[in-house]
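Geometric and topological summary
Here are the chains, one letter per residue:
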Amino acid sequence: MEELSTRYSPSELEKKWYSRWKEGGYFEPRGTGEPFTIMIPPPNITAPLHMGHALNLVIQDFIIRFKRMKGFRALWVPGEDHAGIATQNAVEKDLAKKGTNRKEMGREKFLETTWDWAKEYRQRIREQIEAMGCSVDWSRERFTMDDGLSEAVRKAFVDLYKEGLIYRGKYIVNWCPRCSTVLSDEEVEHEDEKGAFYHIKYPIKGGEEFVVIATTRPETMLADTAVAVYPSDERYSDLTGKTVILPLMEREIPIIQDRYVDPSFGTGALKVTPAHDPNDFQIGLRHGLEVIEVIDKDAKINENGGKYRGLDRYEARKQVVRDLEEQGLLIKVEPMVHAVGRCYRCDTVVEPSLSDQWYVKVGPLAERAIAAVENGEVVFFPETWKKVYLNWMREIRDWCISRQLWWGHRVPVWYCDDCNEVIVEENDPSVCPKCGSRKLRQDEDVLDTWFSSQLWPFTTLGWPETTPDLETFYPTSVLVTAFDIIFFWVARMIMAGYHFIGDRPFDHVYITRLIRDKNGRKMSKSLGNGIDPLDVIKEHGTDAMRFTLAVLAAQNHDIKLDVKFFDTYKKFANKIWNAARFALLNIEGFEEIDLRKEKLAIEDRWILSRLARSVKTVEESIDSYDFPSAAKTIYSFFWNEFCDWYIESIKPRLNGGGRDRTIAQNVLVRILDSSLRMLHPFMPYITEELWQRLPDSKGLLIASEWPEFDESDFDVSSENEFSKIMEMVRGIRNVKAEMNIPPSSRTDVYYLGERIDTEILKLVSNLSNSGELIARSEKASGSVSAWGDSGNTLYVVLGEIDTIAEIERLKGKLEKERSDLARTKSKLENKSFVDNAPEEVVNENKERLIISQDNIRRIEKIIEDLK
C-alpha cells in the first residue's frame, strides 16, 4: 500500500468510501444479532436539507454505526414525505413564476407537475443524505406516496371508518385563505400581536337601553345570532329573555345565559357568532342558535354580509367600524395585545370557518398511547418531554384529517349521485352497492400529510402484509426527531402503532434541540444567518461537520452554532491523520505479539488503562444519547492523552530497537486501532481510510467490531503514577515559560526528597527536554521549584540570571494576574452577570479564574525561590 499522503483531503475519501459501502451492501442488516431499527423522519420534498436536518441525520448515523459495530442487525430505513400542503405551496409558487396556476392547469396536469417536482427533490435529498455520510439502507427506501404506502393509507382509513373512529361532521375549522385548506390545531402557530378591543352598543329592542360588548373582530358581528351573559351576573339579570337589534344588520337576536361567558372579561357580555368562532359554535349548539356564515373561503364577506359583500375581511373591519362610529354605536377602541393564529406554512392569519370535514375520533386511541409513556414502554430522552407529551395527550381533541388540496392521498370515499349512498372502500368501486348506479364521484379532498406519516414505522416494513421485515424489525428501537413535531407526528405514531399493530412503534424517542446562530437567534432566510450543510462539507469535510454536531448536541438547551467550531474539528481530523501517519512510518518490521505476556512500561500500562476507560465512557454515553460526552471523551483521549503524551513518551523507544521497540509498536497499533473504531460512528471516512492501512486489518471498518473493554484493564496505580509524571512535566514547562526559556532549550533539573524510580525520571527528562534528573540533598542556588508533593520537590536550575531584574519582572506579571483575577471574580460574584450572560461566557470566566489562581501561585513560588 502506498505511503499515506502528508495532506488530508476529505473530498477524495468521501466519494471513494461511500460508494464502496453502498455498493458492497454494508448498509443492509447483516448477521444473526438482535435487530436494531431506526426509521428516518422522512424529510419534506420542498427544499434542500438544512443544518437542523443535518443534526438529526448524523445523530441517527452515530447510533446505527455504533449498533452495527456492536453486532446488532442494524437497519436504518430512509425515505421522503410528500408533505401535502408544503409541497403544493412550493409547486404553486413555482408555477406563479412561470405565469400560470393550478386552476388553469387542472388537477391531472397539476399532479403530473408535482410528481416531477417530487422526483427532482427526492433525488436532491438522497444526494444530501449521502454527502453527510449516512449509512441508510437504500434498498428499502420509501416515499409516503408510493404504491405500497398509499394502499396502506387506504386500509387504515377504511378500518378506522368501519370501527366508527372516522366520521364526517360540520365543525369550526382553522381555514387558511391563502392555502385554501383546513389546518389542524397543531398546524396553527399563535403569536402575540397588537390589536384592539372595540366596545360596541347593541340596542335592546323596545327601549333606550343597550348592552355593550367588546370584540377584537367587529367584522364578524355581521353573523351574530345572540348575545350571551353569565347566568348569575347581576348586571344583566333583568335582560334575560329580551332581544337586541344587531347594529348595521338590523336583525333581532336574543340575549341568552351560558356558563362559558367570563363575567370578568371585557364587559361580561359576549357576542355569539356560531359560524366564525369555535366556542361560539358550541354555545350555538347548546341553545339551538341560527348559524350564519358571512366570511367565505377567500376571507371575503359573502352575500350574507349585506352592503359589505365582496370586501376583504380587513377592509370590512374598517368599514364596519366607520359605520358604527357614524351611528354613535362605537363607544371606544382600546389597544391590546392578543394571540393571533397563523398558518404554519404561509404565515397567513387563519380564519375560523364552518365546514364539512373528516375527523378521527382520537379519545379511544389516546388512552393506550398515554399508558405507554406513563409505564415506560416508550421512553423520552430527555425525560422533560414526557410531561409535555402527556399534558397534550390528556387534552387532545378529535383530529381533522381532510385537506382541500390536490396533492396527497385522496380520501377513499365515493358518493352516489342517484341515491346519495356514501361508499368507503379500499378499492375504487365501479357501481353503487345500494342502487347499482355507476354515477359515482370520489371525495375531492386529500388526507392530512400526518395521516400517512403516522403509519411510517410499520408501512415502511410492509404493512398491511405480514412481511419478514415487519416481524423482524418492528417495533423499532429509537426515533430521533425534533421537539416541534411531538404532537404532529410522535403522538400519532404511538396511537397508530398500538391500534394497527398492537405494539409500540419504538422504544425510545430522542428529541433534538433547535440550532441557532452564534448569537442565539433562530436561523432564517430573512436574517441571512443560515448555514448550509453542503457548504460546511465543501470547506471543512463531512467528518469535521459530523464531529462538531456531536460535540454540540446537548439534550437540555438549544445549540448556538458558530462556523469557527467546524474549523476546530477540521484541525482534529488533521491531527488524527498526522498521528496515524506518524504511527505508520514507525511500525516498519511490525511483529504482532501478545501484550498480556509482556513487561509493559509505565506509559504502556497507563494508555491501555485510559483506553479501556474511554471505551466504557463512550459506549455508555452513546447508549444514553449523550453525544457531547462521547465526542469530548474521544477527543480528549486521542489528542491529549494519546498524541500529546503517549506518542511523545515512546519516541525514544521507536527510534531504538529490540523488544522495547516491538512492544511500543504493538501498543501504538492497538491504541490507534481502537481509537479509529471508537471514532468511526462520528468520523466514518477518515477512520475507514486510516484503518485499512493498519497491520492485519481485514475487511472494512464499517463492518468491524466495536473495541471491547474489561474492567480488569483499569490500572489505577499506573494512572496515578503517570498523572504524577504529567504534573512534573507541566511544572517544568511552566517554569520555562515564566522565565522565557525556549521549550527546545535543555535545562538542568533535580529533586529533593524520597527516591524516584529511574523509569519515571527518564520519562520526565524526555518529555520536558531536560538534562538527566538527579537527586540532591539541598536546594541549589539559582533554582526554582517546578513541582512538589508530600515526599518530593522538583527544581529547575536557571543558571546565570539577573535575579533582581527577574524578580521585578515577575512582580509586574504578578500584579497583572491579580488584577485579572479581581476583575473575573467581580463578574462571577455579580448575580446579574451569572444569570443573564450566555452559559459559555460564564464558563469561560470560571476557567479564567482557575487559570489566574494557578498562575499567581506559581509566580509567587518562583519569586520566593529566587529570593
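Before reading on, note that the structure itself is shown above.
Residues numbered from 1 in each chain as written. Predicted model: local features only at pLDDT ≥ 70, side-chain atom pairs only at ≥ 80, totals over all residues. Heavy atoms only, no water.

Focus on the overall build of the protein
Stated formally: Labels follow the DSSP assignment, with helices taken as runs of H or I lasting at least four residues and strands as runs of E lasting at least two, numbered in each case from the N terminus. A simple rule labels every residue: compare its accessible area, found with a 1.4 Å probe on the protein chains alone, to the largest value its type can have, and call it buried under 20%, exposed over 50%, or partly exposed in between. Computed with a 1.4 Å probe, the accessible areas rest on the Shrake-Rupley method; for each residue, only the protein chains presented here act as cover. The charge count includes Lys and Arg as positive and Asp and Glu as negative, but it does not include His or the ends of the chains. Charged side chains are reduced to one point each, which is NZ for Lys, CZ for Arg, CG for Asp and CD for Glu.
Counting its secondary structure elements, the protein contains 26 helices and 29 strands. In terms of principal-axis extent, the alpha carbons of the protein reach across some 115 × 65 × 55 Å. Taking all 867 residues of the protein together, 54% fall into the buried category. When the accessible surface of the protein is split by element, carbon and sulfur atoms take 46% of a total near 39300 Å². Within the protein, the 143 negative side-chain charges are centred at a point lying 2 Å from the centre of the 119 positive side-chain charges.

Observations regarding the environment of Met-393
Inclusion rule: Every residue pair with non-hydrogen atoms within 4.5 Å of one another is taken to be in contact.
Residue placement: Met-393 occurs in helix 10 (residues 384-394). Under the relative-accessibility criterion, Met-393 is labelled buried at 1%. Distance in space between the C-alpha atoms of Met-393 and Tyr-26 is 40 Å, their sequence separation being 367 residues. In this structure, Met-393 is in contact with Ala-366, Ala-369, Ile-370, Ala-491 and Met-495, ignoring residues within four places of it in sequence.

Here's the deal with the pairing of strand 23 (residues 506-512)
Test applied: A strand pair is defined by DSSP finding two or more bridges across the two strands. Crossovers are described as right-handed under a simple rule: with the strands pointing away from the observer, the path leading from the first strand over the helix to the second runs clockwise.
Burial analysis of strand 23 places five of its seven residues in the buried class, the great majority of the element. The pairing of strand 15 (residues 379-381) with strand 23 spans three bridges and is parallel. Bridge assignment links Val-379 to a residue of strand 23, and that residue is His-508. Pairing geometry for strand 22 (residues 476-482) and strand 23, over six bridges, is parallel. Along strand 23, the bridge assignment pairs Thr-476 with Phe-506. Note on the crossover from strand 22 through helix 14 (residues 486-501) to strand 23: the handedness is right-handed.

Structural notes on the nonpolar core
Using the following cut-off: Among buried residues, those of type Ala, Val, Leu, Ile, Met, Phe, Trp, Tyr and Cys that are joined through side-chain atoms within 4.5 Å constitute a nonpolar core.
Counting 213 residues, the largest nonpolar core has Phe-157, Tyr-389 and Phe-451 as the members making the most contacts within it. If you tally residues by element for this core, the top one is helix 19 (residues 627-655), at 13 residues. For Phe-157, the residues in contact, after removing those within four places along its chain, are Ile-166, Trp-358, Ile-401, Val-411, Pro-412, Val-413, Val-424, Leu-447 and Phe-451. Residues Met-221, Val-229, Ile-301 and Val-321 belong to the second largest nonpolar core, which totals 31 residues.

Considerations on the pattern of salt bridges
Two side chains that carry opposite charge are able to pair once their charged atoms sit near each other. Here is the rule: Note on definitions: salt bridges are taken to be side-chain nitrogens of Lys or Arg within 4 Å of carboxyl oxygens of Asp or Glu.
This structure, assessed with the given rule, holds 67 salt bridges. Residues Arg-403 and Glu-187 are paired through a salt bridge, measuring 2.9 Å at the closest nitrogen-oxygen approach. In this pair, Arg-403 is assigned in strand 17 (residues 402-403) and Glu-187 in the loop between strand 6 (181-183) and strand 7 (188-203), connecting sequence segments 216 residues apart. Take Arg-403: its relative accessible area is 2%, and that puts it in the buried class. Looking at Glu-187, the relative accessible area reads 2%, which means it is buried. Here Arg-613 ties to Glu-719 by a salt bridge, and the two come within 2.6 Å at their closest N and O atoms.

Some remarks on the packing of helix 19 against helix 23 (residues 758-768)
Counted only if it meets this: Lines fitted to C-alpha atoms define the axes, with helix axes restricted to the stretch in contact, and inter-axis angles between N-to-C directions lie between 0 and 180 degrees. By definition in this entry, angles of less than 35 degrees are roughly parallel, angles greater than 145 are roughly antiparallel, angles of 65 to 115 are roughly perpendicular, and the rest are oblique. In the scheme used here, Gly and all other residues not listed as nonpolar or charged are polar, with Ala, Val, Leu, Ile, Met, Phe, Trp, Tyr, Cys and Pro taken as nonpolar and Asp, Glu, Lys and Arg as charged.
Helix 23 packs onto helix 19 with a crossing angle of 105° between their chain directions and a minimal axis gap of 10 Å. Comparing their axes, helix 23 and helix 19 come out roughly perpendicular. Mapping the contact onto sequence places Trp-645, Glu-648, Ser-649 and Pro-652 in helix 19 and Leu-763, Asn-766 and Leu-767 in helix 23. The residue inventory of the contact of helix 19 with helix 23, partitioned by class, reads four nonpolar, two polar and one charged.

Here we look at helix 3 (residues 84-97)
Applicable threshold: By definition here, a helix of n residues has an expected span of 1.5 Å times n minus one.
With 14 residues, helix 3 extends 20 Å between its outermost C-alpha atoms, agreeing within 8% with the 20 Å of an ideal straight helix rising 1.5 Å per residue. Looking at helix 3, one finds that the buried residues are Gly-84, Ile-85, Ala-86, Thr-87, Gln-88, Asn-89, Ala-90, Val-91, Glu-92 and Leu-95. Those residues of helix 3 that are buried are in contact with helix 4 (102-105), helix 5 (107-131), strand 6 and helix 11 (449-453). Gly-99 lies just past helix 3 and shows a positive phi near 80°.

Re the sheet that holds strand 27 (residues 774-776)
Strands sit in the order 27-26-29-28 across an open sheet of four strands; the sheet is mixed. One side of each edge strand has no neighbouring strand; the edge strands of this open sheet are strand 27 and strand 28 (783-788). On average, each strand axis in the sheet is inclined to that of its neighbour by 35°, with strand direction left out of account. Judged from the three bridges that link them, strand 26 (residues 748-753) and strand 27 form a sheet pairing that is parallel. Paired with Leu-752 across the two strands is Arg-776, which belongs to strand 27. Where helix 22 (residues 716-738) meets the sheet, it contacts strand 26, strand 28 and strand 29 (792-797), and its direction lies at approximately 150° from that of strand 28.

Thoughts on the pairing of strand 18 (residues 413-416)
In regular strands, side chains alternate between the two faces of the sheet. Neither face of strand 18 is exposed, since Val-413 and Tyr-415 on one face and Trp-414 and Cys-416 on the opposite face are all buried. Relative to strand 19 (residues 422-424), strand 18 runs antiparallel, the two sharing three bridges. Bridge pairing in strand 19 places Tyr-415 opposite Val-422. What sits between the antiparallel neighbours strand 18 and strand 19 is a turn of five residues, in which Asn-420 has the positive phi angle 65°.

Digging into the packing of aromatic side chains
Note the following rule: Ring geometry is summarised as follows: Phe, Tyr and Trp rings, the Trp one being its six-membered ring, pair when their centres sit within 6.5 Å, and such pairs are stacked at plane angles under 30 degrees, edge-to-face over 60 and tilted between the two. Cation placement over rings: the criterion is NZ of Lys or CZ of Arg within 6 Å of the ring centroid and within 35° of the ring normal.
Across all of its chains, the model carries 49 aromatic pairs by this definition. Here the aromatic rings of Trp-21 and Phe-27 are separated by 6.5 Å at their centres, their planes lie at 55°, and the arrangement is tilted. Ring geometry for Tyr-167 versus Tyr-359: centroids 5.6 Å apart, planes at 15°, classification stacked. In this pair, Tyr-167 is assigned in strand 5 (residues 166-176) and Tyr-359 in strand 14 (residues 351-360), connecting sequence segments 192 residues apart. With respect to class, Tyr-167 is no different from Tyr-359; both count as buried. Across from the ring centre of Trp-399, 4.0 Å away, lies the NZ or CZ of Arg-492, which sits over that ring. Its end group placed over the ring of Tyr-750, Arg-776 keeps NZ or CZ at 5.2 Å from the ring centre.

Some details on the sheet that holds strand 8 (residues 210-215)
Spatially, three strands are ordered 8-7-13 in an open sheet, and the strand pairing comes out antiparallel. The strands lining the two open edges of the sheet, one partner per strand, are strand 8 and strand 13 (330-343). On average, each strand axis in the sheet is inclined to that of its neighbour by 20°, with strand direction left out of account.

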